[in-house]
Amino acid sequence: MIREKGLGERLSVNSTSDLAAPRGVLPLEIDSLVKHFGPVIAVDGISLELRSGECLGLLGPNGAGKSTLIRAIVGRVIPDAGRVAIFGSAAGSASARAALGWVPQDLALYPRLSATENLRSFGSYYGLTGKKLEEAVAWCLDWAALQDRAGELTRNLSGGMKRRLNMAAGLIHQPRLVLMDEPTVGVDPQSRNRIFEMIEALRAQGMTIIYTTHYMEEAERLCDRIAIVDHGRIIALDTKEALVHSAFGSRSQVLARFEGPRERISEWVAERGGRLVDGTAEFTVKHPTEIAGLLDGANAAGLELVDLSLRRPNLESVFLHLTGRELRD
Ligand code: ADP
Ligand code: MG
């Protein structure tokens, strides 16, 4: 049995109302949103403006509040404070729902229906019928590369195929804004690549997308701008390049692995202002010529260098810089 946690929620979306919004209205505006669950503050004052045609990443560790934010946009979570507008309409309103496509983090599919039957069901909840419905189903099967499995019972599909079908079901009504909540969690690398290709196809069509993930590489690859989310807040929001630049300027990172007593390594690394991450020492340098001094110092401390590389800092480095913690699980 496929988990159906998201299913009931997704099904209550039902609208055929007019999508027309005045020109210049942003796809999404969030103002000072707050959501508590008992003592837990899941969303702690988030404001956000989404630009038309962009893919915005919400990047943050598990528990950061990404799904709660997405569910507040869909109208499934009632905020304690703040405001959400989708093309100018309130979250949960008929026109907001029709404009939104939501791919929930948990699979929301009927396991005993075929891929085609699932898509037909979701399409009809959005008011699609007849030729329009069949065209939408065909588009979805093509986009998700599931044509040759169209008649297969969903419960017999591979994990990656279910994920792709889950995504297609969220887009059956051709929404103008798509919210994808960790669509690659639990899929193998090959399926993950397929999913990236699907998202890249949407981007090429100019679709406006919010993509949540706790994988830095996904945010870097897919997103125009990235909001780093931690403890229910957006702690930084910009392009990858601008995030790296504001945290590190033009400095680079030196990654080095040493052999020698662990304690001596960690002492020496700390002394030189570096960090040890999974046994690799990370230093930030203004200029690559500083590497020579570092290596002399390591040598003098009796550490033997076994591996060395230089790189521009990435989003992982930015997260560590901003929070003092690692993004990885
Ligand atoms: P993320 O999607 O970034 O992993 P979530 O939005 O799922 O984060 O969760 C944020 C915080 O809110 C977590 O501490 C989580 O346990 C809590 N939370 C989320 N949904 C609920 C809920 N329905 N009831 C109680 N706590 C919740
Ligand atoms: Mg989540």
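Residues numbered from 1 in each chain as written. Chains lettered and ligands numbered in written order. Predicted model: local features only at pLDDT ≥ 70, side-chain atom pairs only at ≥ 80, totals over all residues. Heavy atoms only, no water.

Turning to the coordination of the magnesium ion (ligand 2), a few remarks are in order. Around the magnesium ion (ligand 2), the donor atoms from the protein are Ser67 (OG) and Gln105 (OE1), and they sit 2.1 to 2.2 Å away. Placement of serine 67 in helix α2 (residues 66-74) and of glutamine 105 in the loop between β6 (100-103) and α4 (115-125) is noted, with a sequence separation of 38 residues between them. Look at glutamine 105 and you get partly exposed, because its relative accessible area is 29%. (Donors = N, O, S within 2.8 Å, 3.2 Å for Na, K, Ca; no water. Helix = DSSP H or I, 4+ residues; strand = E, 2+ residues; numbered from the N terminus. Buried < 20%, exposed > 50% of the residue type's maximum accessible area, 1.4 Å probe, protein only.)

Moving on, we get to the packing of α4 against helix α5 (residues 130-143). Geometry of a packed helix pair, given as the angle between the helix axes and the separation of the axes. Axis separation between α4 and α5 bottoms out at 9 Å; the angle between their running directions is 130 degrees. By the angle class used here, α4 and α5 are oblique. Two packed elements cross with a definite hand, and for α4 against α5 that hand is right-handed. Only Leu133, Glu134, Val137, Cys140 and Leu141 of α5 make contact with α4, whose side of the interface consists of Ala115, Thr116, Leu119, Arg120, Gly123 and Ser124. Each residue belonging to the contact of α4 with α5 can be placed in one class, and the counts come to six nonpolar, three polar and two charged. (Axes fitted to C-alpha atoms, helices over the stretch in contact; angles between N-to-C directions. Parallel < 35°, antiparallel > 145°, perpendicular 65-115°, else oblique. Left-handed = near helix turned anticlockwise from the far one by under 90°. Contact = heavy atoms within 4.5 Å. Nonpolar A, V, L, I, M, F, W, Y, C, P; charged D, E, K, R; others polar.)

Once that is clear, we can look at the pattern of salt bridges. The tally for this structure, following the rule as stated, stands at 12 salt bridges. In this structure, aspartate 44 and arginine 233 form a salt bridge, with 2.9 Å as the shortest nitrogen-oxygen distance. With a gap of 189 residues between them, aspartate 44 in strand β2 (residues 40-50) and arginine 233 in strand β10 (residues 233-238) connect regions that are remote in the sequence. Assessed through its relative accessible area of 45%, arginine 233 is described here as partly exposed. Among the ionic pairs, arginine 311 bridges to glutamate 282, the shortest N-O distance being 3.9 Å. (Salt bridge = Lys/Arg side-chain N within 4 Å of Asp/Glu carboxyl O.)

Next up on the list: the site of ligand 1. Around ligand 1, the neighbouring residues are Phe37, Val40, Ala42, Pro61, Asn62, Gly63, Ala64, Gly65, Lys66, Ser67 and Thr68. Contact between ligand 1 and glycine 63: an oxygen atom at 2.7 Å from a main-chain N or O atom of the residue. Take serine 67: an N or O atom from its main chain is 2.9 Å from an oxygen atom of ligand 1. Looking at the shell around ligand 1, the elements that each hand over two or more residues are β2 and α2. Among the elements that make up the shell around ligand 1, the one with the highest residue count is α2 (three residues). Among the residues making up the shell around ligand 1, the classes are represented as five nonpolar, five polar and one charged. (Near = heavy atom within 4 Å. Polar contact = N/O pair within 3.5 Å; in protein donor to acceptor, adjacent residues only side chain to side chain.)

The next point concerns the domain arrangement of the protein chain. Assigned domains of the protein chain: these are domain 1 (7-243) and domain 2 (252-312). Placing a centre on the C-alpha atoms of domain 1 and another on those of domain 2 gives a separation of 42 Å. (Domains from an automatic or database assignment.)

Take the nonpolar core next. Counting residues in hydrophobic clusters, the biggest one holds 53 residues, and the most contacted among them are Leu119, Ile172, Met180 and Tyr211. If sequence neighbours within four positions are ignored, tyrosine 211 has contacts with Cys55, Leu56, Gly57, Leu58, Met180, Pro183, Thr184, Phe196, Ile199, Glu218, Leu222 and Cys223. Counting residues in each nonpolar core, the second largest holds 28 residues, with Val74, Val84, Ala96 and Ile210 among its members. (Core = buried A, V, L, I, M, F, W, Y, C linked by side-chain atoms within 4.5 Å.)

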